[in-house]
Amino acid sequence: MADQWIQGAVVGLMVAGAVLYLLRRYLPCRRKAAGGRGRTRCDDCSGDGCH
Amino acid sequence: MSQSVLHFALVGNPNCGKTALFNCLTGAKAKVANYAGVTVEKRSGPLAGLSRPAELIDLPGTYSLYVASPDEQVARRVILGEMDGEAQPDVLVAVVDATNIKLGLRLVLELKALGRPMILVLNLADEARRRGIRIHAELLAERLGMPVVETVAVRRQGVTGLLAALDTLAANVQVRSGRLGLPARGEAVESLYARIDTVLAECVEAPEFTPRWQDKLDALAMHPVLGLVILAAILLLMFQAVFAWAAPLMDGIEALVSWLGEWAGALLPPGILHDFVVDGLIAGMGSVLVFLPQIIILFAFILALEDSGYLPRAAFLLDRMMRGVGLSGRSFIPLLSSFACAVPGIMSTRSIPNPHERLITIMTAPLMTCSARLPVYALVIGAFVPQRPVWGLFNLQGLTLFCLYVAGIASAALVAWTARRQRGKSESFPLLLELPNYRWPNLYHFLLGLKERAWIFLRRVGTIILALSIVLWFLATFPGAPEDATLPAIEYSFAGMLGKFMQPLFEPLGFSWQMCIALIPAMAAREVAVSTLATVYAIGGGDAALGVSLAHSWSLPVALAYLAWFVYAPQCLSTIAVVRRETNSVRATLVFTAYLFALAYVAALLVRHLAALWT
Amino acid sequence: MPSKTIDGAVLPSAHTPLHRLPKGSRARVVGIASSALFGDMDDQVTLRLKELGFLPGAMLQVIGFGLFGADPIAVRINGTKFGLRRAEAEKVLAALQPA
């Protein structure tokens, strides 16, 4: 029984982490940042340099 | 002596090897986030090896401070301190191609008139020596009034000497504040060149010739007919390589992934963790990871072509034809790189001075089949198109893929042509394209570039695709099926609900709700459509390979309609964002998005009905 | 044919616009003419041409043409190769040198 809970907890954490990651990645870019910090503009490629 | 950070800027003509020098000096620590070979954004990184903290900025190539196309303006604005958020450079490091000294020195003299501390770097010194060009550096330094250093950036030669010279300069520089105005053109171009001629006569011995092999190569590559044939052959080879040569590697990765899935599946006790790992993580990432070989091969070609100096020849050959549809020969390079990813392709359209041509190029770049579409195409084609040989040489699958690529290009031409007719006659713009010397791509540089691209792809899989796969798995698993469930569990999940909600919109296209739901995460990364389908069908019940599941669930006309959708739909949020940034117009971006979605819908509709008639 | 002007002075028509020169020929630049094709931008184009080295006295060689209508034109000048569209090539006036 406890086993299932642990599993559920682990999975839940990973899902929450994934959601937070996506939110952090996409939402700040909605704000019109003036200029950005040089190469890490979040407007393009959402930061990862596209392929 | 204050220890504030000193800012150095690399300035020079395009193709002089500034970027290679930048990589040497910063130890390649600065992240390259866009298209290698054409610097359109300033890049900066820490400059190590000096006695005080320093920052180095790599500026886009420019020919002049006075007349500047959009991409050159970035360099000008940074130098003059007009760029927001970017410190005005304290020291200018002027890089000149030693084999093209006359052209490079004119900019140097213009920069000198600004009165800032400067140093001249003669790059490609080895190539110059090979051609018999002898430069008396000390005399040149005296005549120009600035230190002169010779380097071979791609071999890291001369870099220590350069750092020493920079250090000496740094010791005497005060950090200035306040903007630097661009002085009115104090000296006419003619008199600048007259001065240059005098200096060169004293300091440089240059036989007036290009190595014979360059000219021979150009006689072929730029021949009006043969040149085009060669270009077509190169593109065909590239295409063939990406699809044929990658196959065994892809099979290898696929085998690895499914082995991993089985191993994990056996290792973990049945339960939610098991499902998460096997159906969410491994299915999701694995289905995209398998395309790494294709991406690498595609980039290998693009990098080699860029480094070799061939691409401007292609632009030259295609210019007249492209003007016929409202584009420019210069559009070729952005469009070619859009085959990898439209985002850097669109950014490199800054090299197109004509605003109309540039806008059309931006609007049509996403129609070039980007590498993110590959997994989707490959999946659907693999599932629905039989592996039959055609004409003994090609196979039907490869041919179908080729047709999809051609469809993208043909549509782009049509769209461009329509836009041009609407616009009517407009002013001419010059081409004035430099055709740089051919160079043997430097192996180290090439491998570094490939490694970087592979890493960017893997990072993309490990971050955004992973995150999306996880979220998707969650949406597809919860809430679970109720007690009296008759349909597969997935139909009761959030994903199922969302998919069914969207489905009526796509009813005329025949898309199932699973196909619809795959479109949503595809907005972040098109490849994730594949992961989504993998997850959704895996959870839906079945160990069968994804292709097989699809073949059972979809009809051929609908599958083809799905492909047609992907050819046109501006699925990628990043692309939309960069269009907005580069056009500086929300209206243009909305028009762009709307027209592409409309095209996608109509195309999918047509394909579905036509295919249904035919089969 | 209409005579071109450089800085107001009317030229004798012994000077050939660049796009008329045959492939492989060498020529010495005489000057840059104005052209209505570029409208308001013409001065900028002239300046750009000069900046890239198309100045009186410079030696150039025509090295190739595009497929349709001899457009664009590839020339080598001062050791650097450039591709020019017909419109801007028309502006460059040069005196053909004997082979």
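Not measured: the values here are computed from a predicted model.

Conventions adopted
Residues numbered from 1 in each chain as written. Chains lettered and ligands numbered in written order. Predicted model: local features only at pLDDT ≥ 70, side-chain atom pairs only at ≥ 80, totals over all residues. Heavy atoms only, no water. Helix = DSSP H or I, 4+ residues; strand = E, 2+ residues; numbered from the N terminus. Rg over C-alpha atoms; globule rule 2.2 N^0.38 Å. Buried < 20%, exposed > 50% of the residue type's maximum accessible area, 1.4 Å probe, protein only. Areas by Shrake-Rupley, 256 points an atom, 1.4 Å probe, with all protein chains shown as cover. Lys, Arg positive; Asp, Glu negative; His and termini not counted. Charge placed at Lys NZ, Arg CZ, Asp CG, Glu CD. Expected span 1.5 Å × (residues − 1). Bend = angle between axes of the 7 residues up to and from the residue. Patch = residues over 30% accessible without salt bridge, like charges linked within 9 Å, V, L, I, M, F, W, Y side chains within 5 Å. Salt bridge = Lys/Arg side-chain N within 4 Å of Asp/Glu carboxyl O. Pairing = 2+ DSSP bridges. Axes fitted to C-alpha atoms, helices over the stretch in contact; angles between N-to-C directions. Contact = heavy atoms within 4.5 Å. Buried area = accessible area lost by both parts, 1.4 Å probe. Polar contact = N/O pair within 3.5 Å; in protein donor to acceptor, adjacent residues only side chain to side chain. Nonpolar A, V, L, I, M, F, W, Y, C, P; charged D, E, K, R; others polar. Core = buried A, V, L, I, M, F, W, Y, C linked by side-chain atoms within 4.5 Å. pLDDT = per-residue confidence, 0-100. Phe/Tyr/Trp six-rings, centres within 6.5 Å; stacked < 30°, edge-to-face > 60°.

Details of the overall build of chain B
Part 1 of the reasoning: Counting secondary structure elements, chain B contains 25 helices and 11 strands.
Part 2 of the reasoning: On C-alpha atoms alone, chain B measures out to a radius of gyration of 27 Å, which is about the 25 Å that the 2.2 N^0.38 rule sets for 615 residues.
Part 3 of the reasoning: By principal-axis analysis of the C-alpha atoms, chain B measures approximately 90 × 55 × 45 Å.
Part 4 of the reasoning: When each of the 615 residues of chain B is scored for burial, the buried share is 58%.
Part 5 of the reasoning: Only carbon and sulfur atoms are counted for the fraction: they give 65% of the accessible area of chain B, which is about 25000 Å².
Part 6 of the reasoning: In chain B, the 48 positive side-chain charges and the 44 negative ones have mean positions that sit 6 Å from each other.

Some points on helix 9 (residues 226–267) of chain B
Since the α-helix turns once every 3.6 residues, residues separated by three or four places project in the same direction.
Part 1 of the reasoning: Here helix 9 of chain B is 42 residues long and its end C-alpha atoms lie 60 Å apart, about the 62 Å a rise of 1.5 Å per residue gives.
Part 2 of the reasoning: A maximum bend of about 50° is found in helix 9 of chain B at Ala247(B), where proline Pro248(B) lies one to four positions downstream.

Considering a nonpolar patch on the surface
Part 1 of the reasoning: Together, Leu220(B), Val225(B), Leu226(B), Val229(B), Met321(B), Leu67(C) and Phe68(C) line one region of the surface with nonpolar side chains, adding up to about 570 Å² of accessible area.
Part 2 of the reasoning: By the secondary structure assignment, Val229(B) is in helix 9.
Part 3 of the reasoning: Using a relative accessible area of 48% as the deciding quantity, one classes Val229(B) as partly exposed.

Examining the sheet that holds strand 1 (residues 6–12) of chain B
Residues and elements named next belong to chain B.
Part 1 of the reasoning: Pairing within the open sheet is mixed, and its 6 strands lie in the order 2-3-1-4-5-7. One side of each edge strand has no neighbouring strand; the edge strands of this open sheet are strand 2 (43–46) and strand 7 (148–150). Looking at each pair of strands side by side, their axes are set apart by 25° on average, direction ignored.
Part 2 of the reasoning: In the sheet, strand 5 (residues 118–123) pairs with strand 7 via 3 bridges, with the strands oriented parallel. Among the inter-strand pairings, Leu122 is bridged to a residue of strand 7, identified as Glu150.

Remarks on the interface of chain C and chain B
Part 1 of the reasoning: Taken residue by residue, the interface counts 34 residues in chain C and 41 residues in chain B.
Part 2 of the reasoning: A buried area of about 3400 Å², summed over both sides, lies between chain C and chain B, and 58% of it is on carbon and sulfur atoms.
Part 3 of the reasoning: Area buried by chain C at its contact with chain B is led by Glu51(C), Lys81(C) and Arg85(C), which between them contribute 23% of it.
Part 4 of the reasoning: Linking chain C with chain B are 10 salt bridges.
Part 5 of the reasoning: Arg85(C) serves as the salt-bridge partner of Asp319(B), at 2.9 Å between the closest nitrogen and oxygen.
Part 6 of the reasoning: Inspection of the region where chain C meets chain B yields 18 residue pairs in polar contact (both at pLDDT 80 or more).
Part 7 of the reasoning: Only helix 1 (42–51), strand 5 (59–65), strand 6 (73–77) and strand 7 (80–84) of chain C provide two or more residues apiece to the side of chain C that touches chain B.
Part 8 of the reasoning: Here the side of chain C that touches chain B gets 7 residues from one element, more than from any other, and that element is helix 1 of chain C.
Part 9 of the reasoning: In the side of chain C that touches chain B, the residues fall into 16 nonpolar, 9 polar and 9 charged.
Part 10 of the reasoning: Pairing of strand 11 (residues 433–435) of chain B with strand 7 of chain C, which is carried by 3 bridges, proceeds in the antiparallel orientation.

Concerning the environment of Met368(B)
Residue and element names in this part refer to chain B.
Part 1 of the reasoning: By the secondary structure assignment, Met368 is in the loop between helix 15 (355–364) and helix 16 (373–384).
Part 2 of the reasoning: Judged by its relative accessible area of 4%, Met368 is buried.
Part 3 of the reasoning: Measuring from C-alpha to C-alpha, the distance between Met368 and Leu303 comes to 18 Å, with 65 residues separating the pair along the chain.
Part 4 of the reasoning: Beyond its immediate chain neighbours, meaning those up to four positions away, Met368 contacts Leu335, Ser338, Phe339, Arg373, Gly408, Ile409 and Ala412.

A look at the nonpolar core
The nonpolar side chains of a soluble globular protein tend to be buried, and buried together.
Part 1 of the reasoning: Core analysis: the largest hydrophobic core is formed by 131 residues, its most contacted members being Phe276(B), Phe332(B), Phe511(B), Trp554(B), Tyr562(B), Trp565(B) and Phe566(B).
Part 2 of the reasoning: Look past the residues within four positions of Trp554(B) in its chain and what remains in contact with it is Val380(B), Phe384(B), Ser512(B), Met515(B), Leu533(B), Tyr537(B), Ala559(B) and Tyr562(B).

A short note on the sheet that holds strand 6 of chain C
Part 1 of the reasoning: The strand order 11(B)-7(C)-6(C)-5(C)-4(C)-8(C)-3(C) describes an open sheet built from 7 strands, whose pairing is antiparallel. Sheet topology places strand 11 of chain B together with strand 3 (16–17) of chain C at the edges, where each strand pairs with a single neighbour.
Part 2 of the reasoning: The pairing of strand 4 (residues 26–32) of chain C with strand 5 of chain C spans 3 bridges and is classified as antiparallel. Of the residues in strand 5 of chain C, the one forming a bridge with Arg28(C) is Met59(C).

Some remarks on the pattern of salt bridges
Part 1 of the reasoning: Tallied over the entire structure, the rule returns 27 salt bridges over all chains.
Part 2 of the reasoning: One network of salt bridges, with partners in common, ties together Asp319(B), Arg320(B), Arg323(B), Glu357(B), Asp71(C) and Arg85(C).

Considering unusual backbone geometry
All names here are of chain B.
Part 1 of the reasoning: A cis amide bond, omega -15°, links Phe478 with the succeeding residue Pro479.
Part 2 of the reasoning: Structurally, Pro479 can be placed in the loop between helix 18 (443–477) and helix 19 (494–502).
Part 3 of the reasoning: Even without glycine at this site, Asn15 takes up a positive phi of about 65°.
Part 4 of the reasoning: Considering the arrangement of structural elements, one finds Asn15 in the loop between strand 1 and helix 1 (18–26).
Part 5 of the reasoning: For Leu124, which is not glycine, the phi dihedral falls at a positive 55°.
Part 6 of the reasoning: Here Leu124 is to be found in the loop between strand 5 and helix 4 (125–130).

Description of the confidence of the model for chain B
All names here are of chain B.
Part 1 of the reasoning: In this model, chain B carries an average pLDDT of 83, and 92% of its residues clear a pLDDT of 70 or more.
Part 2 of the reasoning: By mean pLDDT, strand 10 (residues 394–395) is the weakest element of chain B at 70, and strand 5 is the strongest at 94.
Part 3 of the reasoning: Within the model, pLDDT remains below 50 along residues 31–38, and this stretch shows 27 contacts once partners closer than five positions in the same chain are excluded.
Part 4 of the reasoning: Two numbers describe this predicted complex: its pTM, 0.80, and its ipTM, 0.85.

Thoughts on the confidence of the model for chain A
Part 1 of the reasoning: This prediction gives chain A a mean pLDDT of 64; 49% of its residues lie at or above 70.
Part 2 of the reasoning: Low confidence marks residues 30–51 of chain A, where pLDDT is under 50. Its contacts with residues over four positions away, or in another chain, come to 52 contacts.

A short note on the packing of aromatic side chains
Any two aromatic rings considered together are summarised by their centre-to-centre distance and by the angle between their planes.
Part 1 of the reasoning: Under the definition given, this model contains 15 aromatic pairs over all chains.
Part 2 of the reasoning: Ring plane angle 85° and centroid distance 6.3 Å describe the contact between Phe511(B) and Trp565(B), whose orientation is recorded as edge-to-face. A residue pair is termed long-range when its members are at least 10 positions apart, and Phe511(B) in the loop between helix 19 and helix 20 (513–519) and Trp565(B) in helix 23 (residues 556–568) qualify at 54 residues.
Part 3 of the reasoning: Geometrically, the ring pair formed by Phe54(C) and Phe82(C) is tilted, given 6.2 Å between the ring centres and 55° between the ring planes. Pair noted here: Phe54(C) is in the loop between helix 1 and strand 5 and Phe82(C) is in strand 7, with a separation of 28 residues, a long-range link.

Re the environment of His552(B)
Part 1 of the reasoning: Secondary-structure assignment places His552(B) in helix 22 (residues 546–553).
Part 2 of the reasoning: Taking the C-alpha atoms as reference points, His552(B) and Ala383(B), separated by 169 residues in sequence, lie 9.3 Å from one another.

Let's talk about the pairing of strand 1 of chain B
Residues and elements named next belong to chain B.
Part 1 of the reasoning: The buried fraction of strand 1 is high, at 7 of 7 residues.
Part 2 of the reasoning: Burial along strand 1 is two-sided: Leu6, Phe8, Leu10 and Gly12 facing one way and His7, Ala9 and Val11 facing the other are all buried.
Part 3 of the reasoning: Here strand 1 runs beside strand 4 (residues 91–97); their pairing, made up of 5 bridges, is parallel. When the sheet's bridge partners are listed, Val11 is paired in strand 4 with Ala94.

Overview of the environment of Arg388(B)
Part 1 of the reasoning: Looking at the secondary structure, you find Arg388(B) in the loop between helix 16 and strand 9 (389–390).
Part 2 of the reasoning: Considering only alpha carbons, one finds Arg388(B) and Gly398(B), 10 residues apart in sequence, at a separation of 9.7 Å.

Remarks on helix 6 (residues 159–172) of chain B
Part 1 of the reasoning: Along its 14 residues, helix 6 of chain B runs 20 Å from first to last C-alpha, staying within 8% of the 20 Å computed at 1.5 Å per residue.
Part 2 of the reasoning: Against strand 1, helix 1, strand 4, strand 5 and strand 7 of chain B lie the buried residues of helix 6 of chain B.

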